[in-house]
Amino acid sequence: EGNASAPTEKPASSGSTSGSTSGSTSGSTSTDDTPAGTSSGGSYTTSSYGSGKTLTATASVNLRRGPGTGYAVIASVQKGKTFSGKGSSVDSRGVRWYKVSYNGGTAWISSKYSKIGTSGGSSGGSTAGPETSDNEGKTVVATASVNLRKGPSLNSEKVSSASKGKTFTCKGTSTDSRGVKWYKVSYSGGTAWISSKYSKLQ
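Summarised in this report is the structure supplied together with it. (Residues numbered from 1 in each chain as written. Predicted model: local features only at pLDDT ≥ 70, side-chain atom pairs only at ≥ 80, totals over all residues. Heavy atoms only, no water.)

## Quick notes on the overall build of the protein
Now for step 1: Helix and strand content of the protein: 0 helices and 15 strands.
Now for step 2: Within the protein, the fraction of its 202 residues that count as buried is 44%.
Now for step 3: At a minimum sequence separation of 6, the contacts of the protein that also span at least 24 residues come to 64%. (Helix = DSSP H or I, 4+ residues; strand = E, 2+ residues; numbered from the N terminus. Buried < 20%, exposed > 50% of the residue type's maximum accessible area, 1.4 Å probe, protein only. Contact = heavy atoms within 4.5 Å.)

## Concerning the nonpolar core
Now for step 1: V61, L63, V77, F83, V100, Y102 and I109 are the most contacted members of the largest nonpolar core, which totals 15 residues.
Now for step 2: Mapped onto this core, the elements with two or more residues apiece are β1 (54-57), β2 (61-64), β3 (73-77), β5 (96-102) and β6 (105-110).
Now for step 3: If we ignore the near neighbours within four places in the chain, the residues touching L63 are A72, V73, I74, A75, V77, F83, Y102, A107, W108 and I109.
Now for step 4: In terms of nonpolar packing, the next biggest core, distinct from the first, is built from 13 residues, A142, L148, Y183 and V185 among them. (Core = buried A, V, L, I, M, F, W, Y, C linked by side-chain atoms within 4.5 Å.)

## Observations concerning the environment of S177
Now for step 1: Looking at the secondary structure, you find S177 in the loop between β12 (167-175) and β13 (181-187).
Now for step 2: Residues S177 and S153, 24 residues apart in the sequence, show an inter-C-alpha distance of 8.2 Å.

## Considerations on the side chain of S110
Now for step 1: Considering the arrangement of structural elements, one finds S110 in strand β6.
Now for step 2: Only 3.1 Å separates the side chain of S110 from the backbone nitrogen of K112, close enough to count as a polar contact. (Polar contact = N/O pair within 3.5 Å; in protein donor to acceptor, adjacent residues only side chain to side chain.)

## Digging into the environment of V146
Now for step 1: Positionally, V146 belongs in strand β10 (residues 146-149).
Now for step 2: As for V146 and I194, which are separated by 48 residues in sequence, their C-alpha atoms are 7.4 Å apart.

## Thoughts on the environment of R64
Now for step 1: Summarising the element assignment, R64 is placed in strand β2.
Now for step 2: Spatially, the C-alpha atoms of R64 and T106 are 9.2 Å apart, while their sequence positions differ by 42 residues.
Now for step 3: When neighbours within four sequence positions are excluded, R64 is seen to be in contact with T69, Y71, A72, V73, I74, W97, A107 and W108.
Now for step 4: From its side chain, R64 meets the backbone oxygen of T69 in a polar contact 3.3 Å long.

## What about the packing of aromatic side chains?
The relation between two aromatic rings is expressed through the spacing of the ring centres and the mutual angle of the planes.
Now for step 1: Applying the stated criterion to the full structure yields 3 aromatic pairs.
Now for step 2: Summarising the aromatic geometry, the rings of Y44 and Y71 are spaced 5.9 Å apart at their centres and angled 85 degrees between planes, so their arrangement reads as edge-to-face. Of this pair, Y44 sits in the segment before β1 while Y71 sits in the loop between β2 and β3, placing them 27 residues apart in sequence.
Now for step 3: Measuring from ring centre to ring centre gives 5.4 Å for Y44 and W108, while their planes differ by 75 degrees; the resulting arrangement is edge-to-face. Within this pair, whereas Y44 is found in the segment before β1, its partner W108 is found in strand β6, the two being separated by 64 residues in sequence.
Now for step 4: According to the relative accessible area criterion, W108 is buried, its value standing at 0%.
Now for step 5: The structure contains a cluster of three or more aromatic residues connected by ring pairs, namely Y44, Y71 and W108. (Phe/Tyr/Trp six-rings, centres within 6.5 Å; stacked < 30°, edge-to-face > 60°.)

What follows is the structure in structure tokens.
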């Protein structure tokens, strides 16, 4: 959606997932949501979004003790692994993490490497979720060159692009099917949508 660098919640490397959900994780499964040791994860708020849904890993991916890359990895799972959703949280970069049942406790999985539902097909696109008035009136700043779209999803038509540092006034938010938050902003006498992956609230 923009020109950002490679993601930091990297999926597990090839070959490292075999047997990683048993044996080596014994005694280290997540039974609470506390970060490990000197984690830089910090505090977070869990919402009900994704609760009761089935989550499917779209790539080999790490499960963590909290919703962010600053939390300890407790296991790695392979593409296609499914979980029961228990809620979600959005990290400081605007990436949504799903809280899921895992090995008798809970763990967190990034929406960048998982999706709601078990149906097949490409995970490259997205569909829009309901619009809310969250963050209305706040300033949104582009953190990279990014596309502005007619709706809050990658499937929506591109209306323009914005360079890094461009500011907008937020008119609402929405979360797409990948769990990525989008900001509705004032643009050229109307409104447009910008992905939180390449923008932030100021």
